[in-house]
Amino acid sequence: MSTQTSKSDGNQNRSGTSPNGRPAKVTTQTVVEMKEAGKKISMLTAYDFTMAKIVDQAGIDVILVGDSASNVMAGHETTVPMTLDQMIYHAQCVVRGVETALVIADLPFMSFQVTAKEALISSGRMMKEAGVHGVKLEGGRTITDTVKRIVDAGIPVMGHLGLTPQSIYKFGTYKVRAKENAEAEQLLEDAVKLEEAGAFSIVLEKIPSALAAKVTDAVSVPTIGIGAGPDCDGQVLVLHDMLGLNKDFKPRFLRRYADLDKVMTEAVQGYIKDVKAVDFPNENERYE
Ligand code: KIV
């Protein structure tokens, strides 16, 4: 299990470096201090060792072991089928690849909704068996007692408001949330309640930018947006989407930083061609 050191050990946060020139470990305290200092927080998902290592070494602040693994890794249509054991497996793989980033893992659907006790047991398993530094839970006022219970046990909690994919069958669509006043007011109140319950940060997914700005002003913990505009304290994207590995997914908020689908397809086609032409392996690629 990796240990998170706090700033009190003399390290600076991720936007700076430790005295020996290496970046310090990012903690929940670090990201709160980044908000206070007006420094933006970068977060990406990862689900396996190799990707987590690349993302961590590139300098990301926070890695989210998202239950979007259900779509991206397992090919499900929704995040609903993901189990706690599957999430723990993904989180274990990620933690082994990370030296510096803060690692947060999603509690999947039905691993925290029934009782606060069940949520605490799920969070404890995630921390002890995977070594993550905190858990993320989707929901607002209905889960604040649960959040408090988990935080009281010493487990950091990240909230998640707006479009909450685990509730897809309740909403029926992945459209922008909280466009109407009543839902927007409720979301704002939920954010305040999550902060009061002890959440150290809150993901805001697919809500109007103006509302995200209002929430970000209203809470002292950092907001991390996905499809929530530029005024959040940080941004998160699903790694496979921003790398261009999921070419059919084209929401307006997504910026593609690479076209890995093309790169990989061309690499595989090149390999097939060389094998068929007996051009691979050549004399330097074989043993005598
Ligand atoms: O599961 C996930 O990847 C997430 C992010 C989209 C915030 O919850």
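## Here's the deal with the overall build of the protein chain
Now for step 1: A count of helices and strands for the protein chain gives 11 helices and eight strands.
Now for step 2: In terms of overall dimensions, the protein chain is globule-like: its C-alpha atoms have a radius of gyration of 20 Å, near the 19 Å expected for 288 residues.
Now for step 3: The proportion of buried residues among the 288 residues of the protein chain is 48%.
Now for step 4: Across the protein chain, the fraction of contacts at a sequence separation of at least 24, relative to all contacts at a separation of at least 6, is 57%.
Now for step 5: In the structure as shown, the protein chain presents an accessible area of about 14700 Å², 53% of it carried by carbon and sulfur atoms.
Now for step 6: Distance between charge centres in the protein chain, computed from 32 positive and 37 negative side chains, equals 1 Å.

## A closer look at the confidence of the model for the protein chain
Any residue range with low pLDDT should be treated as having predicted coordinates unsuitable for detailed reading.
Now for step 1: The predicted model of the protein chain averages 93 in pLDDT, with 92% of residues at 70 or higher.
Now for step 2: Across residues 1-13, confidence stays below pLDDT 50; counting only partners more than four residues off in sequence or on other chains, it has 28 contacts.

## Remarks on the packing of aromatic side chains
Now for step 1: All told, the structure shown has one aromatic pair when counted by the stated rule.
Now for step 2: In this arrangement the basic side chain of arginine 177 is found over the ring face of phenylalanine 171, its NZ or CZ atom lying 3.6 Å from the centre.

## Notes on helix H6 (residues 144-152)
Each α-helix winds once per 3.6 residues, and so residues spaced three or four apart point in a common direction.
Now for step 1: Listing the buried residues of H6 in full gives Thr144, Thr146, Val147 and Ile150. Taken down its axis, H6 places every buried residue within 155° of arc, on the same side. Away from its buried face by more than 90 degrees, H6 exposes Asp145 and Asp152.
Now for step 2: Elements that come into contact with the buried residues of H6 comprise helix H5 (116-130), strand E4 (134-138), strand E5 (157-162) and helix H8 (181-197).
Now for step 3: Once H6 finishes, glycine 154 follows within two positions and takes phi at roughly 95°, a positive value.

## Structural notes on the site of the ligand
Now for step 1: Every residue near the ligand is listed here: Thr45, Leu64, Gly66, Asp67, Ser68, Asp106, Lys136, His160, Val203, Ile226 and Val238.
Now for step 2: Side-chain polar atom of aspartate 67 to an oxygen atom of the ligand: 3.1 Å apart, as the coordinates give it.
Now for step 3: One of the side-chain N or O atoms of aspartate 106 is found 3.1 Å from an oxygen atom in the ligand.
Now for step 4: Relative to its unbound accessible area of 260 Å², the ligand is 95% covered by the protein chains.
Now for step 5: Classifying every residue of the shell around the ligand gives four nonpolar, four polar and three charged.

## Re the packing of H5 against H6
Now for step 1: Contact geometry for H5 and H6: axes closest at 9 Å, N-to-C directions at 45°. As the angle between them shows, H5 and H6 are arranged oblique. Crossing geometry of H5 relative to H6 is assigned as right-handed. Of the residues in H6, those touching H5 at Ala116, Lys117, Ala119, Leu120 and Ser123 are Thr146, Arg149 and Ile150.
Now for step 2: Taken together, the residues of the contact of H5 with H6 sort by class into four nonpolar, two polar and two charged.

## Observations regarding the domain arrangement of the protein chain
Now for step 1: If you check the domain split of the protein chain, you get domain 1 (3-257) and domain 2 (259-288).
Now for step 2: Between domain 1 and domain 2, the C-alpha centre-to-centre distance is 39 Å.
Now for step 3: With both chains or domains summed, domain 1 and domain 2 bury close to 370 Å², and 59% of this area falls on carbon and sulfur atoms.
Now for step 4: Applying the counting rule to domain 1 against domain 2 returns one salt bridge.

## Considering the sheet that holds strand E1 (residues 41-45)
Now for step 1: Read around the closed barrel, eight strands run E1-E2-E3-E4-E5-E6-E7-E8, paired in parallel fashion. Across the sheet, the axes of successive neighbouring strands diverge by a mean angle of 25°, strand direction being ignored.
Now for step 2: Both strand E3 (residues 102-106) and E4 contribute to a ladder of three bridges, which runs parallel. Across the sheet, the residue bridging to alanine 105 is valine 135, located in E4.

## Quick word on the pattern of salt bridges
Now for step 1: With the rule as written, the count across this model stands at 10 salt bridges.
Now for step 2: Between lysine 136 and aspartate 106 there is a salt bridge; the shortest N-O distance is 2.7 Å. Here lysine 136 is found in strand E4, whereas its partner aspartate 106 is found in strand E3, with 30 residues between them in sequence. In this pair, the class of lysine 136 matches that of aspartate 106, namely buried.

## Concerning a nonpolar patch on the surface
Now for step 1: Taken together, the side chains of Val268, Tyr271, Ile272, Val275 and Phe280 define a hydrophobic patch exposed on the protein surface, amounting to about 440 Å² of accessible area.
Now for step 2: Within the element layout of this structure, phenylalanine 280 appears in the segment after helix H11 (260-276).

What counts, and where the lines are drawn
- Residues numbered from 1 in each chain as written.
- Predicted model: local features only at pLDDT ≥ 70, side-chain atom pairs only at ≥ 80, totals over all residues.
- Heavy atoms only, no water.
- Helix = DSSP H or I, 4+ residues; strand = E, 2+ residues; numbered from the N terminus.
- Rg over C-alpha atoms; globule rule 2.2 N^0.38 Å.
- Buried < 20%, exposed > 50% of the residue type's maximum accessible area, 1.4 Å probe, protein only.
- Contact = heavy atoms within 4.5 Å.
- Areas by Shrake-Rupley, 256 points an atom, 1.4 Å probe, with all protein chains shown as cover.
- Lys, Arg positive; Asp, Glu negative; His and termini not counted.
- Charge placed at Lys NZ, Arg CZ, Asp CG, Glu CD.
- pLDDT = per-residue confidence, 0-100.
- Phe/Tyr/Trp six-rings, centres within 6.5 Å; stacked < 30°, edge-to-face > 60°.
- Lys NZ or Arg CZ within 6 Å of the ring centre and 35° of its normal.
- Arc of directions from axis to C-beta.
- Near = heavy atom within 4 Å.
- Polar contact = N/O pair within 3.5 Å; in protein donor to acceptor, adjacent residues only side chain to side chain.
- Nonpolar A, V, L, I, M, F, W, Y, C, P; charged D, E, K, R; others polar.
- Axes fitted to C-alpha atoms, helices over the stretch in contact; angles between N-to-C directions.
- Parallel < 35°, antiparallel > 145°, perpendicular 65-115°, else oblique.
- Left-handed = near helix turned anticlockwise from the far one by under 90°.
- Domains from an automatic or database assignment.
- Buried area = accessible area lost by both parts, 1.4 Å probe.
- Salt bridge = Lys/Arg side-chain N within 4 Å of Asp/Glu carboxyl O.
- Pairing = 2+ DSSP bridges.
- Patch = residues over 30% accessible without salt bridge, like charges linked within 9 Å, V, L, I, M, F, W, Y side chains within 5 Å.

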